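# Residue-level structure breakdown
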Amino acid sequence: MQQILDGKALALQIKEEIANEVRQHTSRGLRPPHLAAIIVGTDGASQTYVANKEKSSHEVGFTSSVYRYPERTTEEELLEAINFLNSDPDIDGFIVQLPLPKHINEQHVINAISPDKDVDGFTPVNIGRMVLGEDAFIPATPMGICTLLERYDVPTAGQHCVVLGRSNIVGTPAANLLSRKGVDCTVTLCHSRTQNLAELTRQADILVVAIGKPEFVTADMVKEGVALIDVGIHRIADETRKSGYRIIGDVKHSEVDKLCSAFTPVPGGVGPLTIVSLLQNTLKAYKRTFKLK
Ligand code: NAP
């Protein structure tokens, strides 16, 4: 039987679990967890992502704050804002919404975030801890992918997992997490210099696609029975919709889904789990703050 890895439904369930835990802590007189976000500029997609994170924070009983800065903000000003959030004891974790304007060096900014508040899991300290298998904040999207596989009981041990894309925020950490002890996939990590890509993707028992190219993966690139995770998000014009657009992924679902044993829809697959992972990381930071189990 084919399984839809329904990220929307699973996210609702996990949010309920988080909300219950928050209620337990606040009923004992503790303040709620606090997630903050910094956003620079007016990029439409970034505004939507931050608004969704804010909405989800409220749904689980967190406090949330958004610090908005104009496009012309300098790197120094942004680093000052980060230092301010690093030292605010009422903020458990914060994110800096990417991408940043071109005149700001993203890595300088990420490096300035306190590893203890780095709920996106992007700082070198957390990436290093993750690779060593130590306690760490795990980047939200790969963490969401692992949660989907685990909660939907997709077998991973000994399975050949092919990851398409090696970005620092998705492909590379996903390859690391999926090959960890306990998950135990045999991982092949592909990128733009990979040769005979389709030959490799056709060997995948689990295929994770994060290359940022609309409907790149087609039916001839997968084997029957593959478990498919489509991370891609693309907004394309669609005049038949009230919104004027629709969301598609990195996979051509109209032809690939019927071949899969399990697949994530787009939208409603990985996206909702990315936000939930951020909430889980914030709860973890909060519990560290208050030394809760
Ligand atoms: P990215 O930084 O653009 O990285 C793309 C990766 O794909 C790179 O490693 C690149 O290889 C590789 N690639 C590009 N063309 C390729 C080709 N023809 N064959 C093989 N590999 C190729 O992308 P990202 O940030 O990881 O995001 C990927 C997608 O996921 C985007 O659509 C993004 O919007 C989406 N996304 C979704 C979520 C979510 O919550 N659902 C979160 C994050 C991102 P090189 O390294 O060689 O250049």
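Residues numbered from 1 in each chain as written. Predicted model: local features only at pLDDT ≥ 70, side-chain atom pairs only at ≥ 80, totals over all residues. Heavy atoms only, no water.

Pairing within the open sheet is parallel, and its three strands lie in the order S3-S2-S4. Each edge of the open sheet carries a strand with a single partner, namely strand S3 (63-69) and strand S4 (93-96). Strand-to-strand twist across the sheet, computed as the mean angle between neighbouring axes with direction ignored, equals 15 degrees. Two strands pair when backbone bridges link them, and strand S2 (residues 34-40) and S3 are joined in this way by seven bridges, in the parallel orientation. Bridging across to S3, Ile 38 finds its partner in Tyr 67. The sheet contacts of helix H3 (residues 75-86) involve S2, S3 and S4, and relative to S2 the element is tilted by about 180 degrees. (Pairing = 2+ DSSP bridges. Helix = DSSP H or I, 4+ residues; strand = E, 2+ residues; numbered from the N terminus. Axes fitted to C-alpha atoms, helices over the stretch in contact; angles between N-to-C directions. Contact = heavy atoms within 4.5 Å.)

Here we come to the packing of aromatic side chains. Throughout the structure, instances matching the rule amount to one aromatic pair. Positioned over the ring face of Tyr 245 is Arg 235, at 4.1 Å from the centre of the ring. Directly above the ring of Phe 137 sits Arg 288, whose terminal nitrogen or CZ lies 4.6 Å from the centroid. (Phe/Tyr/Trp six-rings, centres within 6.5 Å; stacked < 30°, edge-to-face > 60°. Lys NZ or Arg CZ within 6 Å of the ring centre and 35° of its normal.)

What follows is about the pattern of salt bridges. Applying the stated criterion to the full structure yields 13 salt bridges. Between Arg 151 and Glu 17 there is a salt bridge, with the nearest N and O atoms lying 2.9 Å from each other. Taken together, the positions of Arg 151 in helix H6 (residues 140-151) and Glu 17 in helix H1 (residues 7-27) put the pair 134 residues apart, joining distant regions of the chain. Among the residues examined, Glu 17 registers a relative accessible area of 36% and is labelled partly exposed. Between Glu 59 and Lys 55 there is a salt bridge, with the nearest N and O atoms lying 3.3 Å from each other. One end of the pair, Glu 59, and the other, Lys 55, are both in helix H2 (residues 44-59), four residues apart, so they sit about a helical turn from each other. Bridged by salt links that share partners, the residues Asp 116, Asp 135, Lys 284 and Arg 288 form one connected network. (Salt bridge = Lys/Arg side-chain N within 4 Å of Asp/Glu carboxyl O. Buried < 20%, exposed > 50% of the residue type's maximum accessible area, 1.4 Å probe, protein only.)

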